[in-house]
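Each chain, written out:
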Amino acid sequence: MITNNPYYAKEHAIRVSSRQTRIPNSSVATMNVITVFEHQRLTVHDFLQASDFDWLIAQEFAAFTIKRKQGQWQLKVEHYVGIILLPSGMTLEILPKLNQSTQPSDIVQTRHWVQGMLSDLIHLDAHNNRKLPITKNFGQFSSQSTPLPLKVLPISDWLIEQFLQRLMDYQPTKHYQAQIENQASLQGRLLIKEQLRHNSMQPHKFICESSVLSHDMLANRLIKRALVYLMPLLPQFISSKLLQPWQQVSTLNNREMQQIAVTYTQAKRQLDVQPLQKQKLHTSQQLVDLAYWLLKQTTAATGNGIDPSRQNSSQLRLCLLIDMNQAFEQWASQRIATMFQQISSNYRPLYQTQSVWLNDAEGLACLSIRPDLLIFETVSNDCQNQNDIAASQTKTKDKTKGRYSHVIDIKWKYLPHAAAISASDAYQLTSYAQAYLAGQVWLVYPVLGSDRQPVALKQQTHYGSNDSDSSDDIKNNESADAHLWLMPFDVLTGTLNGEVLPHLDKA
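Position numbers for residues count from 1 along each chain, tracking the sequence in the order it is written. Reporting in this predicted model follows two pLDDT cut-offs: at least 70 for local features of residues, and 80 or more for side-chain atom pairs to be given and counted; totals over whole chains, interfaces and linings ignore these cut-offs and use all residues. Working from all heavy atoms in the structure, the side-chain values ignore hydrogens and water.

A.B. asks: Got a minute to help me understand helix α11 (residues 324-343) in this structure?
C.D. replies: The periodicity of an α-helix, 3.6 residues per turn, causes residues three or four positions apart to be oriented the same way. Over its 20 residues, α11 runs 28 Å from end to end, which matches the ideal 28 Å to within 8%, given 1.5 Å per residue. In this scheme, a residue with accessible area under 20% of its type's maximum is buried, one over 50% is exposed, and one in between is partly exposed, where area comes from a 1.4 Å probe on protein chains only. Secondary structure is summarised from DSSP: a helix means a run of H or I of at least four residues, a strand means a run of E of at least two, and numbering begins at the N terminus for each. Every buried residue of α11 is listed here: M324, A327, F328, E329, W331, A332, S333, Q334, I336, A337, M339 and F340. The term polar contact refers here to a pair of N or O atoms within 3.5 Å; inside protein, the definition further demands a hydrogen-donor-capable atom paired with an acceptor-capable atom, and it admits residues adjacent in sequence only when both atoms are side-chain atoms. Capping the start of α11 is the job of one residue whose side-chain oxygen sits 2.8 Å from the backbone nitrogen of N325: D323. Expected span, for any helix, means 1.5 Å times one less than how many residues it has.

A.B. asks: Would you mind going over the pattern of salt bridges with me for this structure?
C.D. replies: Opposite charge on two side chains permits pairing when their charged atoms draw close. The rule for a salt bridge is simple: a side-chain nitrogen of Lys or Arg has to be within 4 Å of a carboxyl oxygen of Asp or Glu. Evaluation of the coordinates by the stated rule reveals seven salt bridges. The shortest N-O distance in the salt bridge between E256 and R221 comes to 2.5 Å. Of this pair, E256 sits in helix α8 (residues 254-258) while R221 sits in helix α6 (residues 218-230), placing them 35 residues apart in sequence. Overall, the relative accessible area of 9% leaves E256 in the buried class. For K411, the salt bridge is made with D409, and the minimal N-O distance between the two is 3.5 Å. One salt-bridge network, held together by shared partners, links D409, K411, K413 and D425.

A.B. asks: What is the right way to look at the packing of aromatic side chains in this model?
C.D. replies: For any two aromatic rings, the description comes down to two numbers: the centre-to-centre distance and the angle of the planes. For this analysis, a ring pair means two rings from Phe, Tyr or Trp (six-membered ring only for Trp) whose centres lie within 6.5 Å, classed as stacked if their planes differ by under 30 degrees, edge-to-face if by over 60, and tilted for the remaining angles. Taken as a whole and judged by the stated rule, the model has 14 aromatic pairs. Ring geometry for F340 versus Y347: centroids 5.2 Å apart, planes at 70°, classification edge-to-face. With a relative accessible area of 1%, F340 lands in the buried category. Ring pairs connect the aromatic residues W113, F328, W331, W412 and F489, which therefore count as one cluster.

A.B. asks: Explain the packing of α6 against helix α9 (residues 260-272) to me, please; I cannot follow it from the model alone.
C.D. replies: As a rule, the C-alpha atoms of each element are fitted with a line to give its axis, helices using only the stretch in contact, and angles between N-to-C directions run from 0 to 180 degrees. In the contact formed by α6 and α9, the axes pass within 8 Å of each other and the chain directions differ by 130°. Between α6 and α9, the crossing angle belongs to the class labelled oblique. Along the contact surface, α6 presents L218, A219 and L222, while α9 presents I260, T263, Y264, Q266, A267, Q270 and L271. Of the residues in the contact of α6 with α9, the class split is seven nonpolar, three polar and no charged. Angles are sorted into four bins: roughly parallel if under 35 degrees, roughly antiparallel if over 145, roughly perpendicular if 65 to 115, and oblique for all others. Contact between two residues is taken to exist if any of their heavy atoms lie within 4.5 Å; hydrogens are not considered. Charged residues are taken to be Asp, Glu, Lys and Arg, nonpolar residues to be Ala, Val, Leu, Ile, Met, Phe, Trp, Tyr, Cys and Pro, and polar residues to be all remaining types, Gly included.

Right, here's the structure in full:
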C-alpha cells in the first residue's frame, strides 16, 4: 500500500497481513483493507477470517441487509460509504457505485471523488455556515493538504493522513482554568459563601478558587478522543509516539459525547481566545473540526454491537457509515447553491424548506412538501440573509419582491437515460412546479464525467379538442410553463454538466 504519510515512510515494515485475495464482483482486498461496493452481496467466503463475517451479521448494521440464499447467509451492501474496523484487524471499505464495472482503476477514481465529497461535508458539518471551502484543487480538505497521489489511498488511510497532517503541527495547548478545592492552606481566592456553608465546623479548612495551568481544555480532549478512536488503524510504533504528548490529556466523558455539538461549540470558543498565531490557530481549528466530524459519526446508530457511550474509550471500534442518499443530497445542494450565488447575489438558497401543499376544507394541513433546494430570486437590492427569508416565507411578498425561480430535487440514483425516470420522480417534479410556480424544476442525479448533458422534459397536456375554454385556461396556467430538467451532476468535478447559464436565462 502506497502512502505519502511521513509516519508510514519512516518504517516500511507495517505489521499487517500482506496476503492478496480476490473478492467476487471485482472487489479487492489489498494489504489490510477489503474494498466493497454498494449493491454487492458478501458471503463468509469473501473474508480472510470467517469470524469477521459472523461479527458483521451480529451487528445488524444499517449498511447491510441480511439475506438467506441457497443455504448460506449473505450481506447485501446498501447505499452507504464508510469504513468498519473488523475484529481481525482488517478494515472494510465501502464505496458507492455509479457504473457496472468495478476494476482497480474504478476503485481509485471512486476513492478520489468520495474523498473530495467528504472534504466538503466535513467543512460544512463543522461550521454550519453552508459555505464550501475555497480550494483550487478539488479533492483537498484545505490548502494545507497535499494533493491526492496517483494511487489514491483507501478512505481509512486518507482520514488518518488528514488527521495526522494537522496533528503534526499541534501540541496540546495549556490554558488557565478555575479550580475549586477545600484545602488546609489558603491559596487563591477564598469563597466566603461556600466557606460558611461547608467549613463552619472545621475552620482549619479553606474553600479556595485558583487558576491552574492545565492541558484539559475541551479542544485538547476532543482531539484526544478522536486520536484514540483512530489508533487501531495505526501501527504500534506510530501509536506510542503519537500518544506521548497526550498522556496528561483526558478524553471526553460520556455526557460530553452525548452532547457532542455543544461540546464542540464550547471547544471552539475556548480555542479562539488562546494566544496563538493566526496560522497555528487556523490549523488548530481545522484539527478540532475534523475531530468533531469523526466523533459525530460515532454517535449515530451503527448497529447493536456498537455502543459509543461505553466508558472504556479504548474499546471503541472504528465505524464510520454515511448514508449516500443524504451525503450526496447535502453535497450537491451546497455546490449548486454556491453556483447560483456566484452568478448573482439575487439568488437566495433555501435548504429543505417545508411548505404545506394540501389543505382540507377547514384549512388544516393534510400534506407538506420539502424540496431539497429552493432558489428564491429577489428583485430588490435589499439584502436579507437566508434565515430571515426561511423564517418569514409567509411575508416575503410584503418584505421582499421576488419569486421561486428554481425548485431542485436531488437523488442518489443511477439514471442511464431520460426514459429511466421513475413515475414518482416525475410526479414530484410536476407537483413542485405547480406548488411553487417556479420557472425551472430540476431533478439532479449523479454521473461520472461530462458526457451526459441536461435533458429538457416536455410535459404533454391532454384536453378535449372542442373544449376551447378549458384549453385556454390550461395554456394560461403558469405552472404549465415550467421547464422540467434532468440535470447530471459530475461527481468527479463536483459540478453540473452542460451550459447552465442559458437554462437560467429561460427561468
